[in-house]
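# Observations on the model geometry
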Protein chains: 2
Amino acid sequence: MRKFVAHRAKSLITNATAPLLNPHHHQSSSSSFNYYYTSRLARFLTSIASDTSMASDKSTPPLTAQSLNPKVLKCEYAVRGEIVSLAQKLQQDLQVNPGSHPFEEIIYCNIGNPQSLGQQPITFFREVLALCDHPTILDRSETQGLFSADSIERAWQILDQVPGRATGAYSHSQGIKGLRDTIAAGIEARDGFPADPNDIFLTDGASPAVHMMMQLLIRSENDGIFCPIPQYPLYSASIALHGGTLVPYYLDEATGWGLEISELKKQLEAARQKGITVRALVVINPGNPTGQVLAEENQRDIVEFCKKEGLVLLADEVYQENIYVPDKHFHSFKKVARSMGYGDKDIPLVSFQSVSKGYYGECGKRGGYMEVTGFSPEVREQIYKLASVNLCSNISGQILASLVMSPPKVGDESYESYSAEKDGILQSLARRAKTLEDALNNLEGVTCNKAEGAMYLFPRIMLPNKAIKEAESLKKAPDAYYASRLLNATGIVVVPGSGFGQVPGTWHFRCTILPQEEKIPAIVSQLTEFHKKFMDEFRD
Amino acid sequence: MRKFVAHRAKSLITNATAPLLNPHHHQSSSSSFNYYYTSRLARFLTSIASDTSMASDKSTPPLTAQSLNPKVLKCEYAVRGEIVSLAQKLQQDLQVNPGSHPFEEIIYCNIGNPQSLGQQPITFFREVLALCDHPTILDRSETQGLFSADSIERAWQILDQVPGRATGAYSHSQGIKGLRDTIAAGIEARDGFPADPNDIFLTDGASPAVHMMMQLLIRSENDGIFCPIPQYPLYSASIALHGGTLVPYYLDEATGWGLEISELKKQLEAARQKGITVRALVVINPGNPTGQVLAEENQRDIVEFCKKEGLVLLADEVYQENIYVPDKHFHSFKKVARSMGYGDKDIPLVSFQSVSKGYYGECGKRGGYMEVTGFSPEVREQIYKLASVNLCSNISGQILASLVMSPPKVGDESYESYSAEKDGILQSLARRAKTLEDALNNLEGVTCNKAEGAMYLFPRIMLPNKAIKEAESLKKAPDAYYASRLLNATGIVVVPGSGFGQVPGTWHFRCTILPQEEKIPAIVSQLTEFHKKFMDEFRD
């Protein structure tokens, strides 16, 4: 032991006079001291303080669930939870033993995964991706016959933006600069306000970006993140994993899932009373699971509230292309803040975007970005460091993120077919949303707000007391019980409202609007038939 | 406040009798209680305990680096650190103002990123990826002329493995089952022992897999992870981010970076004396940054040590294809454990593999997997939950991971060209490693072990005292000073040894063997000339 301490001491002496490699210049905080040595230093000091009193039996405990990180144990993610496991089991049953259930197939309405239900990718996007994957065919004559002229041109443009045309190389940790230029130009065209490519961080879908911000902001369980209830469970999962506290604000179902500033004030005050430091406000617009589109006036109030209270505004804007009603429009929070006169330094704001949603629905490509504005250079540097620890996001996803923010334009060879594909998907989604919404509202004891946007309906079910008692006797949440009965009867997979949070004593489920249009009538009749029987069975 | 508490209480009452949605069946631990309510419960109880004493001013602090998560501030990642920022600055200088520095280009030897330095991707892999990205061309006659017959056949096979042929859909959170079957078959062929596709978790490169295991195992700073010193800084960064303690074991430079069991025992004892629970042992084989390949006998001892001490063995095996000396061979730790008679339940073992390394070097694709064996079903379920929170890894990366574990075989149309590409790359890497190793050993005061494998050399430099003093006066680690001088003089980017950890008082740098072969002679002469001048300048 003495030798060990001497060795440690030597190391400290050797290094104390030489402040060590700091990969992040312009920095003079405690972080400028190399982790490895900082950590050793801390350990060394601990060891001096505690060597005599510390029990020496620290042998490694058996690896059981109980010995794991309790934050991991706490975390739940309903969208891929119990109900999906049951669905996968039933699907296997059907494969092995067709006819073993009263339905022919599982219809996954649990997750916004359009291509899993038959939505076709946008041809232009895939052409460009294929050409960037295998650029050696770009010069071949056969390629002209197989690919549109503008996809070939775009692939060349992109390759010229990739250093060394190396699509198989790690990129800059924020993503390839040329692609960020394209994305910034797309944001500028969307918002009418400038966007800086240096504010863009390309990520493997929006989820890692959300995790990164939670990791950055949460210091302990005394740090709170404001989230809408109902919320998308990524937020509750990420807050749990990073050891913070989810501070709820309730959306008002009666006013179409309205977001009231009075509710924000009330909940902020309540959280602060309990010693919670609320650090950021998550807004999901269009809403998930609730499908509402915020009015610009409401967005202004939210910006003003964040400004006044010093909250980081985390704007989940991944459904920005998914709007189905003519009287609502998407306005990015950055545009709203800028139009209020707040400049780049006035309000810390992160906008999340993803290639998984919109009319493209390229979930499997794991592309996305966050636009980060209003942070000091020191904080930005820490975000960059977090990005750099994972090296970079995948290049195909990066390319696709640039494509969705810069699709074909009038005059391009692909423009007409691209527009037809895009409009076909969005118009069909609008029709499906309306049909399902109407069908749900026709069910006994069910009310369903309009899906103005996003990909979901979140109907409320007034479950009979008998059904609630039955669920309780099975140790299930009542809405989880309803969802499992629905699945067992029809093969339709929805997610119980309890996975998203809801006003206590109310019950909901989230159902996507994504099954292909020709299947909607059958889904409606199966759902209607099931619901009628369920209500008959449990009617009080 | 009273209203708020009443509301909370109501929620608790409402929910207390209905244990809520638990997405993970077969589970009866504390994790079976829905996070959202658990968290609310905890908060509620805290609030009762502390409402009277808690100061009510918890208004949000200004967002400064000091108010961020201290774990993030602590974390360092040298591979993309200060020296790389300097290199990027110099590169911009050269673009704007050619001739502004005494070199024409920046040569990035800091990171294992082969394609950024001109290595070409394996044609067969890229053909298959392009066809899977844009499958509508598979039936077209022009495609026959552009793509090899076996790439077309393989693309069809893969599409048949993808549910609905939807490469744009989220997959199973562990990755597409059919691709995991292929990977398991590849592991079986490599090891001669069975592999189970259900043990495979496909990930966006190896880094997220490492983070996942750290997140799972680390509960607090009293949990330690055993890491080699020198280590790949992903490990120190990930341990810092998850709030654990890096417990070092020193590789023995004198015996070619030997891994001695006596050192493991000594350091384990020392850590336990200080109250650290060591949970896992990281082994990097072939070594990064050290390039050694472990002997099978040594691996057996390591397995035995982990078994005896109850440590999870985290085997970083991403360089398994990168071996350059005829007398050394790669043996996976799983194969070694199985050959010792340890079965699937005897030893918790995670093997990390990546598409970024090997002869393929597809860093930008972010593909990889971990093979997880020897964990209880309860622990496995927690790993699955962590995977599911990020939905899935990118599908192109998943496909590529299946391809590298199942490349063309004798008789396939692509086999000869594939073999020629593979052998060409590996043989050239071996020659480059030898040339650079010899050149380094020819420098005054430099000794360099053999690069038996991986992509790096890690020479030791005996820096003159005068140089060390000069570095100290500039508040730089001496090896960081050497590296920045090297960069400024030659454009060659290496990473200082202090970013990896080293025996205190010794100085090293990591240099990749990846610059294209025709550039190696110039690099050797630039390095030699710089080093001579540096030593002349500072000779004691």
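Cut-offs and rules
- Residues numbered from 1 in each chain as written.
- Chains lettered and ligands numbered in written order.
- Predicted model: local features only at pLDDT ≥ 70, side-chain atom pairs only at ≥ 80, totals over all residues.
- Heavy atoms only, no water.
- Salt bridge = Lys/Arg side-chain N within 4 Å of Asp/Glu carboxyl O.
- Helix = DSSP H or I, 4+ residues; strand = E, 2+ residues; numbered from the N terminus.
- Buried < 20%, exposed > 50% of the residue type's maximum accessible area, 1.4 Å probe, protein only.
- 1 Å grid on protein atoms, 1.4 Å probe; cavity = no way out; pocket = protein on both sides within 12 Å on 5 of 7 lines; lining within 4 Å.
- Points joined across faces, edges and corners; volume = space filled by probe spheres on them.
- Axes fitted to C-alpha atoms, helices over the stretch in contact; angles between N-to-C directions.
- Parallel < 35°, antiparallel > 145°, perpendicular 65-115°, else oblique.
- Left-handed = near helix turned anticlockwise from the far one by under 90°.
- Contact = heavy atoms within 4.5 Å.
- Nonpolar A, V, L, I, M, F, W, Y, C, P; charged D, E, K, R; others polar.
- Pairing = 2+ DSSP bridges.
- Phe/Tyr/Trp six-rings, centres within 6.5 Å; stacked < 30°, edge-to-face > 60°.
- pLDDT = per-residue confidence, 0-100.

### Concerning the pattern of salt bridges
Residues and elements named next belong to chain A.
- In this structure the tally under the stated criterion is 48 salt bridges over all chains.
- Across the pair Arg-380 and Asp-199 runs a salt bridge, and its minimum N-O distance is 2.9 Å. One end of the pair, Arg-380, is in helix H14 (residues 377–389); the other, Asp-199, is in the loop between helix H8 (177–191) and strand S2 (200–203), and 181 residues separate them in sequence.
- Its relative accessible area of 8% is what places Asp-199 among the buried residues.
- Put simply, Glu-444, Lys-532, Asp-536 and Arg-539 are held in one network by salt bridges that share partners.

### Overview of empty space enclosed by the protein
- Evaluated as defined, the whole model comprises nine cavities of 30 Å³ or more.
- The space that makes up the largest cavity amounts to roughly 760 Å³.
- Every residue lining the largest cavity is counted, 35 residues in all, and those nearest its centre are A:Pro208, A:His211, A:Asn390, B:Pro208 and B:Asn390.
- Residue assignment for the lining of the largest cavity shows that the elements contributing at least two residues are S2, helix H9 (206–217) and H14 of chain A together with strand S2 (200–203), helix H9 (206–217) and helix H14 (377–389) of chain B.

### Notes on the packing of H9(B) against H14(B)
All names here are of chain B.
- Here H9 crosses H14 at 125°, and the two axes come no closer than 10 Å. Judged on the interaxial angle alone, H14 and H9 are oblique. Here H9 runs over H14; the crossing is right-handed. Across from Met-212, Met-213, Gln-215 and Leu-216 in H9, the residues of H14 making contact are Val-379, Gln-382, Ile-383, Leu-386 and Ala-387.
- Split by residue class, the contact of H9 with H14 holds seven nonpolar, two polar and no charged.

### A look at the sheet that holds strand S8 (residues 368–373) of chain A
Residues and elements named next belong to chain A.
- With respect to topology, seven strands assemble into an open sheet ordered S2-S8-S7-S6-S5-S3-S4, the strand pairing being mixed. Each edge of the open sheet is held by one strand with a lone partner, namely S2 and strand S4 (245–250). Across the sheet, the mean angle from the axis of one strand to that of its neighbour is 25°, orientation sign disregarded.
- Relative to strand S6 (residues 312–316), strand S5 (residues 277–284) is paired through five bridges, and the arrangement is parallel. By the bridge assignment, Leu-281 is partnered in S6 with Leu-313.

### Some remarks on the sheet that holds strand S8 (residues 368–373) of chain B
Residue and element names in this part refer to chain B.
- If you walk across this open sheet you meet the seven strands as S2-S8-S7-S6-S5-S3-S4, and the pairing is mixed. Edge positions in the open sheet fall to S2 and strand S4 (245–250), since each of these has one partner strand only. Taken over all neighbouring pairs, the strand axes of this sheet differ in orientation by 25° on average, direction set aside.
- In this fold helix H8 (residues 177–191) packs onto S2 and S8, with an angle of close to 115° to the strand it touches most, S2.
- Packed onto the sheet, H9 meets S2, strand S3 (223–229), strand S5 (277–284), strand S6 (312–316), strand S7 (349–354) and S8 and runs at close to 155° relative to S7.

### Examining the environment of A:Lys177
All names here are of chain A.
- Among the secondary structure elements, Lys-177 is positioned in helix H8.
- Put simply, Lys-177 and Leu-487 are 310 residues apart on the chain and 47 Å apart in space, counted from C-alpha to C-alpha.
- Excluding residues within four positions of it along the chain, Lys-177 makes contact with Pro-197 and Asn-198.

### Some thoughts on the packing of helix H5 (residues 123–133) of chain B against helix H7 (residues 149–161) of chain B
All names here are of chain B.
- Packing of H5 against H7 brings their axes to within 9 Å, and their N-to-C directions diverge by 50°. Judged by the angle between their axes, H5 and H7 are oblique. Judged by the sense of rotation from one axis to the other, the crossing of H5 with H7 is right-handed. Contact with H5, carried on its side by Phe-124, Glu-127, Val-128, Leu-131 and Cys-132, involves Asp-150, Ser-151, Ile-152, Arg-154, Ala-155 and Ile-158 of H7 and no other residues of that element.
- Class assignment of the residues belonging to the contact of H5 with H7 gives a composition of seven nonpolar, one polar and three charged.

### Considerations on the side chain of B:His531
Residue and element names in this part refer to chain B.
- Here His-531 lies in helix H19 (residues 520–538).
- His-531 sits in the buried class, given a relative accessible area of 2%.
- Those residues in contact with His-531 that lie beyond four places of it in its chain are Leu-443, Glu-444, Val-446, Ile-461 and Tyr-482.

### Remarks on the packing of aromatic side chains
All names here are of chain A.
- For the structure on display, the rule yields 38 aromatic pairs over all chains.
- The interplanar angle of 85° and the centroid separation of 5.5 Å between the aromatic rings of Phe-226 and Tyr-249 together place this pair among those described as edge-to-face. In this pair, Phe-226 is assigned in strand S3 (residues 223–229) and Tyr-249 in strand S4, connecting sequence segments 23 residues apart.
- Residue class for Phe-226 comes out buried when judged on its relative accessible area of 0%.

### Here's the deal with the confidence of the model for chain A
All names here are of chain A.
- When pLDDT is averaged along chain A, the result is 89; 89% of the residues meet or exceed 70.
- Below pLDDT 50 for its whole length, residues 1–56 participates in 108 contacts with residues either more than four positions away or in separate chains.
- This prediction of the complex comes with two scores: 0.90 for pTM and 0.89 for ipTM.

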